[in-house]
Protein chains: 2
Amino acid sequence: MRPEPYSWSVDQHEMRRPADAGELADRLAAVLAPGQVFTEGEKFEAALHDGTAFQGLTGRALVLVEPDDAAEVAAVMRYAYEAEVPIFTRGGGTGLAGGAVPEGGIVLSLARLNRVRSIDPGQWRMEAEAGVTTATVHRIALENGLMFPPDPGAGEQSTIGGNVATNAGGPHALRYGVTNHSVTGLEVVIPPGRLVHVGGTVTKNVAGLDLKSLMVGSEGTLGIVTAVQLRLVPAPEARGVTVATYSDNASGCTGVEAVLAAGIRATALEFLDRGALTASVGSLPFDVPADPGFMVIAEADGSAEEVRETLAGFEEALGPGSASTRTLVSRHETDAFWSWREGVSWAVAAQRGGKVSEDIVVPVERLAEAVEGTLEIGHRHGLEACSWGHAGDGNLHSSFLVDLEDPDELARAREATGNLFDMALALGGSISGEHGVGTIKTPWVDAALGPEVASLQVRIKQAFDPKLLLNPGHKIPLPGA
Amino acid sequence: MRPEPYSWSVDQHEMRRPADAGELADRLAAVLAPGQVFTEGEKFEAALHDGTAFQGLTGRALVLVEPDDAAEVAAVMRYAYEAEVPIFTRGGGTGLAGGAVPEGGIVLSLARLNRVRSIDPGQWRMEAEAGVTTATVHRIALENGLMFPPDPGAGEQSTIGGNVATNAGGPHALRYGVTNHSVTGLEVVIPPGRLVHVGGTVTKNVAGLDLKSLMVGSEGTLGIVTAVQLRLVPAPEARGVTVATYSDNASGCTGVEAVLAAGIRATALEFLDRGALTASVGSLPFDVPADPGFMVIAEADGSAEEVRETLAGFEEALGPGSASTRTLVSRHETDAFWSWREGVSWAVAAQRGGKVSEDIVVPVERLAEAVEGTLEIGHRHGLEACSWGHAGDGNLHSSFLVDLEDPDELARAREATGNLFDMALALGGSISGEHGVGTIKTPWVDAALGPEVASLQVRIKQAFDPKLLLNPGHKIPLPGA
């Protein structure tokens, strides 16, 4: 069933009781301190956007608050719950689904909750407040011989709280799982403003329902996560990458399937299609045959010997039908290569000035169809298209290249992303692998989940947030919205 | 806060509308077929017990039904929901927390939902109905070069649906995670009798709240899982085990911590204390120094080379302070050793005819305290005690040896298990790592979760099951119960 036409309006959900910004700011300054409340200025304006800003998505809010700790978050929520003002929670603001674009009321930034509370290297544990950046978590883990596997990108800006909110993934999710797998417990403020703990430091715990996992990926709709208890893994001794190119999608996707069929536990298994390569191959730090049609990137980690074995397996699985294979083992080479890979998104956007991109996911054996389907949808709307992403998880970043100054082109791209979601569902997949639903994908949630489950999750939201004041209308479409 | 005195009564929760068994059976025979409905006989009697039967826990029910498929499960639930009769769902009946001990109404057995619907070796996927035994899942995975890591024991009787209901673990949870980590999607019948799907075949999916994880471990209180979509892992090429013995708990627990501190990714890291060894060492398939005080078992899996490296790491970490270390690499030796390990529980029970055992969990650095604390609690109640279990996860099977014919001894053992739960919480752990709450641990749930979270999960239960008819009073203590 086709949902309502794709809409970028942020006015779907009105504040229940519109308040005067000045009065609201005064009240919140009494709860916090005047220096923690903003109604204008650069910081306030920045809080109306997230990673979708370059596509023109702008929110609105009365007040931005910056609590210092979990107790202050609880105090803000108590006030908001009593006054019936919605709260839109904000992490690093790098999200790509409009999840941190506010629609009125209070924007609550977790930027000041930026303390690493503890690190226990011997027990592979870390506890960090929600506003600690992903890069800091990675760095402190590494300094202690450990690794936090999720690597969703934008690590210097994105926060561990944001990673939890969207259940972020990244390339290493293939072997190590998405963020939820690395989280054992959460400190959360739930309505009407109470600080609770779900899960804990232990890795096995069935004393209650798994509210920790329910909270992870809930995009701020059930409570405000103020701190995260992480289970890290030992940092691998070595890494290596095999990069194979192919003349076309079909032979490349056959390579992806061959790695899985060989039973190789790749750390990452990525792909780029012809369009993504055309945009980025110029800065690739080594030569590949001209005009590559598809690239597969397979990463191994572990002991030096384990990496050697796995890379040999990659060469055997990826070699047949390839135009080239190259294996990188030195730290210097692999770092340079991953830096290039991280720049692919920017290189694609630079082609025409911008891109509209969605992170659909399909069963891995349908990857070739999804790659072709992305091109076909672009063609139908008169748009250049390409895709790349996490092949082993069937997670594509399907993108349409646009001139951001051309409203007609942008409108067509938005229509095209709607077709992407339809395609992902038709192929047995999902509308989002790791970016979340935010505000952009809510029209597709009923189709993605089915009406029974969609209505069940509204009831679950009500169990947490009976007044529907936490990120209302984000992630979970609300009746009558 | 100390909960109400520990109670084994199954009469805490009355059926809402007691019905006549004959009339209920007639109605259900019309929904199903006469051969699928039982009100007496061996099969009916067996359905009043689970793995707690030897401790004397017996339930009561009006009717046992055996639906053939998910549609019939939905039909039974529709009838029960309309007639307001509770449903107690039953898997293999091996649970150790009284979770499958009914308290009136309908017992719904999933035994006939025993089809493996699909196996996709190339994509590491399997879909199995809830009544498929864990052993069958293991066997079919292995026949296809894959592995289903959870190995909670009793595999020939326990079912994949039961593993999902309790989020079962076992030794391999240390490396591969508990059951939830291997489940990507579920087919579930939710009240008032609708068949829905949560999650799917893809491994990354944030289209909705993570209802899949919420359902896993919910012990039949939110819906009835009828089929499970699994993500398997490639079967490792090789395995090996290092077994170290120590003169006392402290030096053994130091060995456990040394393995973790060395950053070794053990597949399993198990322990047995002196009492557990005394009961079982006679049948150990190799010699160890006389009167061992503690044993640590560290397992490696992977390629042959990886296993060799990991075992060398075990020997280095476990050697200091040990009385003996022995490393087993041949299939014959490791199989014989794990068979012995699986028999430990029986050997302990055989000491005095029975045991009362609970699976508390503590942070791994508190393991030695929990082992000592178990002995101290036993001593206080005049009971022999011992413990063994999953050291790397801090998950102990703390046990009190009893003569099952002695009501006084049994009563003291039940008091003692209450002290175990208090101790686990005081050490920062949980009342159950993998067995679940069932009926036995409900008095401790408020203390384990805190009153806010305990009341939140009642609201979540109501969101799924507004009439509170699914396993009422199990897992989630209900107000007024």
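Refer to the preceding data block for the structure.
Below is a summary of the structure that appears in this document. On a predicted model such as this, the values are computed, not experimentally measured, just so you know.

### Considerations on the overall build of chain A
At step 1: Along chain A, the regular secondary structure elements total 17 helices and 18 strands.
At step 2: In terms of overall size, chain A behaves like a compact globule, its C-alpha atoms giving a radius of gyration of 22 Å where 481 residues would be expected to give roughly 23 Å.
At step 3: Overall size of chain A, expressed as C-alpha extent along the three principal axes, is 65 × 55 × 45 Å.
At step 4: Residue burial in chain A is summarised as follows: out of 481 residues, 63% are buried.
At step 5: Sequence separation of 24 or more characterises 74% of the internal contacts of chain A that already satisfy a separation of 6 or more.
At step 6: Surface accessibility of chain A: about 16400 Å² in total, with carbon and sulfur atoms responsible for 51%.
At step 7: A gap of 6 Å separates the mean positions of the 36 positive and 62 negative side-chain charges of chain A.

### Considerations on the relation of the copies chain B and chain A
Two copies of the chain are present, and they differ by a rotation about an axis and a shift along that axis.
At step 1: Note on the copies: chain B fits chain A at an RMSD of 0.0 Å, the axial shift is 0.0 Å, and the rotation between them is 180°. Both copies are brought into coincidence by an operation consistent with a two-fold rotation axis.
At step 2: Same-surface contact between copies: 100% of interface residues of chain B are shared with the interface of chain A.

### As for helix α14 (residues 367–380) of chain A
Residue and element names in this part refer to chain A.
At step 1: Compared with the 20 Å implied by 1.5 Å per residue over 14 residues, the 20 Å span of α14 between its first and last C-alpha is a close match.
At step 2: Here the buried face of α14 lies against α9 (249–261), β13 (268–273), β17 (385–390), β18 (395–402) and α15 (407–426).
At step 3: Phi turns positive, to about 65°, at Gly-382, one or two residues after α14.

### Points about the interface of chain B and chain A
At step 1: Contacts between the two partners involve 82 residues from chain B, matched on the other side by 82 residues from chain A.
At step 2: Summed over both partners, the interface of chain B with chain A buries about 6100 Å², with 60% contributed by carbon and sulfur atoms.
At step 3: Summed over the three residues of chain B that lose the most area to chain A, namely B:Lys204, B:Val206 and B:Leu209, the buried surface amounts to 15% of that side.
At step 4: Applying the counting rule to chain B against chain A returns six salt bridges.
At step 5: The partner of B:Glu434 in a salt bridge is A:Lys204, with the nearest N and O atoms 2.8 Å apart.
At step 6: Run the count over chain B and chain A and you get 27 residue pairs in polar contact (both at pLDDT 80 or more).

### Thoughts on the pattern of salt bridges
When the charged atoms of two side chains lie near each other, side chains of opposite charge can form a pair.
All names here are of chain A.
At step 1: Applying the stated rule across the entire model yields 60 salt bridges over all chains.
At step 2: Notably, a salt bridge pairs Glu-66 with Arg-112, separated by 2.9 Å at the nearest N-O pair. With Glu-66 in the loop between β2 (63–65) and α3 (70–83) and Arg-112 in the loop between β4 (106–109) and β5 (116–120), this residue pair connects regions lying 46 residues apart in the sequence.
At step 3: For Glu-66, a relative accessible area of 6% gives the class buried.

### Side note on the sheet that holds β5(A)
At step 1: Pairing is antiparallel across the open sheet formed by five strands, whose spatial order is β5-β6-β10-β8-β9 (chain A). One side of each edge strand has no neighbouring strand; the edge strands of this open sheet are β5 and β9 (194–199) of chain A. In this sheet, adjacent strand axes meet at a mean angle of 15° when their direction is disregarded.
At step 2: As defined by bridge partners, strand β8 (residues 183–190) of chain A adjoins strand β10 (residues 224–231) of chain A across six bridges and the pair is classed as antiparallel. Bridged to A:Val189 within β10(A) is A:Ile224.
At step 3: Each of β8 and β9 of chain A touches helix α17 (residues 451–464) of chain B; the most contacted strand, β9(A), lies at about 75° to it.

### A look at the packing of helix α12 (residues 331–342) of chain B against helix α13 (residues 344–352) of chain B
Residues and elements named next belong to chain B.
At step 1: Packing of α12 against α13 leaves a shortest axis separation of 4 Å and a crossing angle of 40°. Accordingly, the angle class assigned to the pair α12 and α13 is oblique. Facing Trp-340, Arg-341 and Glu-342 of α12, the residues of α13 in contact are Val-344, Ser-345 and Trp-346.
At step 2: When grouped by side-chain class, the residues that make up the contact of α12 with α13 number three nonpolar, one polar and two charged.

### Digging into the side chain of B:Glu434
At step 1: With respect to the helices and strands, the residue B:Glu434 is situated in the loop between α15 (407–426) and α16 (445–449).
At step 2: For B:Glu434, a relative accessible area of 7% gives the class buried.
At step 3: Among the polar contacts listed, one links the side chain of B:Glu434 to the side chain of B:His397, at a separation of 3.4 Å.
At step 4: Beyond its immediate chain neighbours, meaning those up to four positions away, B:Glu434 contacts A:Lys204, A:Val206, B:Thr166, B:Ala168, B:Gly169, B:Gly170, B:Asp359, B:His390, B:Asn395 and B:His397.

### Here we look at unusual backbone geometry
At step 1: Here the residue pair A:Pro191 and A:Pro192 is connected by a cis peptide bond, since its omega of 0° sits within 30 degrees of zero.
At step 2: Positionally, A:Pro192 belongs in the loop between β8 and β9.
At step 3: Here A:Asp291, not a glycine, exhibits a phi torsion of approximately 50°, which is positive.
At step 4: Relative to the assigned elements, A:Asp291 resides in the loop between α10 (274–280) and β14 (294–302).
At step 5: You can call A:Asp291 exposed: its relative accessible area is 55%.
At step 6: For B:Glu84, which is not a glycine, the phi torsion comes out positive at approximately 60°.
At step 7: For B:Glu84, the location among the structural elements is in the loop between α3 (70–83) and β3 (87–90).
At step 8: Overall, B:Glu84 belongs to the partly exposed group, its relative accessible area being 26%.

Analysis parameters
- Residues numbered from 1 in each chain as written.
- Chains lettered and ligands numbered in written order.
- Predicted model: local features only at pLDDT ≥ 70, side-chain atom pairs only at ≥ 80, totals over all residues.
- Heavy atoms only, no water.
- Helix = DSSP H or I, 4+ residues; strand = E, 2+ residues; numbered from the N terminus.
- Rg over C-alpha atoms; globule rule 2.2 N^0.38 Å.
- Buried < 20%, exposed > 50% of the residue type's maximum accessible area, 1.4 Å probe, protein only.
- Contact = heavy atoms within 4.5 Å.
- Areas by Shrake-Rupley, 256 points an atom, 1.4 Å probe, with all protein chains shown as cover.
- Lys, Arg positive; Asp, Glu negative; His and termini not counted.
- Charge placed at Lys NZ, Arg CZ, Asp CG, Glu CD.
- Least-squares fit on C-alpha atoms with pLDDT ≥ 70 in both.
- Expected span 1.5 Å × (residues − 1).
- Buried area = accessible area lost by both parts, 1.4 Å probe.
- Salt bridge = Lys/Arg side-chain N within 4 Å of Asp/Glu carboxyl O.
- Polar contact = N/O pair within 3.5 Å; in protein donor to acceptor, adjacent residues only side chain to side chain.
- Pairing = 2+ DSSP bridges.
- Axes fitted to C-alpha atoms, helices over the stretch in contact; angles between N-to-C directions.
- Parallel < 35°, antiparallel > 145°, perpendicular 65-115°, else oblique.
- Nonpolar A, V, L, I, M, F, W, Y, C, P; charged D, E, K, R; others polar.

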